[in-house]
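Analysis of the macromolecular model
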Amino acid sequence: MPNHQYWLVKTEPSTFSFDDLVASPKKTSRWDGVRNYAARNHLRSMKKGDLVLVYHSSVVPSAIVGVAEVVREAYPDPTALDPKDPHFDPKSKPDDPTWVMVDLRAIEALERPVTLDEVKKTKGLEQMALVRLGRLSVQPVTPREYEIVRKLAQSKSS
DNA sequence: GCCAACGTTGGC
DNA sequence: GCCAACGTTGGC
């Protein structure tokens, strides 16, 4: 078995979509702007080579659309220190950064999007953090869940 | 645009 | 350290 973990990150495609990641230089972009402690802790746990499902929120239908990999492990997120940035955090100090980001590289789009509705209805996926902890923007995925999602994407839409 | 869920803040 | 008020997320 490959020695890596699985994750899921959410993004609003109007701000940054999976296609934007694919279109980035080397298909790679920093994943900045996370300002939630639970999500931050997951970012810190990410290892190079971990696989990351990319989920589009606030669109109809919201869905898992692609797969990326971690190419750089957690390092300080400079947007937290930039007063002009919408994610500026006045309490974060340069010498003790509160917030981190990772670099993600797009691997491939799913054969078709797997919608939230499908995730809720699919046996084995009901316990996904996506369903249980709706607002967590960076979350762990089990190998089994990852496998089921990939298989679903290869099957026909219902 | 509404609103439920839930994380964060701040008064005490 | 409790908890009410407030702000944000995100599905619908």
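The shown structure was predicted, so the numbers you read here are calculated from the model rather than taken from an experiment.

Further remarks concern the protein's contact with DNA strand C. The environment of DNA strand C is formed by Lys-10, Tyr-55, Ser-57, Ser-58, Ser-62, Leu-116, Lys-120, Gly-134 and Arg-135. Considering DNA strand C, the proportion of its atoms within 4 Å of the protein that are sugar or phosphate atoms stands at 71%. One nitrogen or oxygen atom from the side chain of Arg-135 is found 2.4 Å from a base oxygen belonging to DNA strand C. Across the surface near DNA strand C, the residue classes tally to 2 nonpolar, 4 polar and 3 charged.

This part takes up the pattern of salt bridges. Under the criterion given, the structure shown has 7 salt bridges. Of the charged contacts in the structure, one is a salt bridge between Glu-118 and Arg-112, with a shortest N-O distance of 3.0 Å. As far as the burial class goes, Glu-118 and Arg-112 line up, both buried.

On to the protein's contact with DNA strand B, then. Taken together, the neighbourhood of DNA strand B is formed by Asn-36, Tyr-37, Lys-91 and Arg-135. Among all atoms of DNA strand B positioned within 4 Å of the protein, those belonging to sugar or phosphate total 71%. Looking at side-chain class alone, the surface near DNA strand B contains 1 nonpolar, 1 polar and 2 charged residues.

Let's shift gears to unusual backbone geometry. Note the cis peptide between Val-60 and Pro-61, where omega equals -10 degrees. Within the secondary structure, Pro-61 sits in the loop between strand S3 (51-56) and strand S4 (63-76). Of note, the phi angle at Lys-26 is positive, near 60 degrees, even though the residue is not glycine. By the element assignment, Lys-26 lies in the loop between helix H1 (18-23) and strand S2 (28-31). Positioned with a positive phi, Ser-58 is a non-glycine residue whose angle comes to about 55 degrees.

We describe a pair of aromatic rings using the distance from one ring centre to the other and the angle between the two ring planes. Evaluation of the coordinates by the stated rule reveals 3 aromatic pairs. Ring centres of Tyr-6 and Tyr-146 lie 4.3 Å apart, and the angle between their planes is 25 degrees; this geometry places the pair in the stacked category. In this pair, Tyr-6 sits in strand S1 (residues 6-11) while Tyr-146 sits in helix H5 (residues 143-154), placing the two residues 140 residues apart along the sequence. Per residue, the accessibility class of Tyr-6 equals that of Tyr-146, and both read buried.

On to the nonpolar core, then. Counting residues in each nonpolar core, the largest one holds 21 residues, and the members touching the most others are Val-9, Trp-31, Leu-43, Met-46, Leu-104 and Val-138. Setting aside chain neighbours within four positions, we find Leu-104 in contact with Val-9, Leu-21, Lys-27, Thr-28, Ser-29, Trp-31, Val-52, Ala-68, Glu-69, Val-70 and Val-71. One finds Leu-110, Leu-116, Val-119 and Leu-152 within the second-largest nonpolar core, a separate group that totals 20 residues.

Bringing the side chain of Asp-89 into the picture now. Looking at the secondary structure, you find Asp-89 in the loop between S4 and strand S5 (100-115). No salt bridge is formed by the buried Asp-89. Its closest oppositely charged neighbour is Lys-91, at 5.3 Å. Here Asp-89 is in contact with Ala-80 and Trp-99, once residues within four sequence places are set aside.

Definitions and limits used
Residues numbered from 1 in each chain as written. Chains lettered and ligands numbered in written order. Predicted model: local features only at pLDDT ≥ 70, side-chain atom pairs only at ≥ 80, totals over all residues. Heavy atoms only, no water. Near = heavy atom within 4 Å. Polar contact = N/O pair within 3.5 Å; in protein donor to acceptor, adjacent residues only side chain to side chain. Nonpolar A, V, L, I, M, F, W, Y, C, P; charged D, E, K, R; others polar. Salt bridge = Lys/Arg side-chain N within 4 Å of Asp/Glu carboxyl O. Buried < 20%, exposed > 50% of the residue type's maximum accessible area, 1.4 Å probe, protein only. Helix = DSSP H or I, 4+ residues; strand = E, 2+ residues; numbered from the N terminus. Phe/Tyr/Trp six-rings, centres within 6.5 Å; stacked < 30°, edge-to-face > 60°. Core = buried A, V, L, I, M, F, W, Y, C linked by side-chain atoms within 4.5 Å. Contact = heavy atoms within 4.5 Å. Lys, Arg positive; Asp, Glu negative; His and termini not counted.

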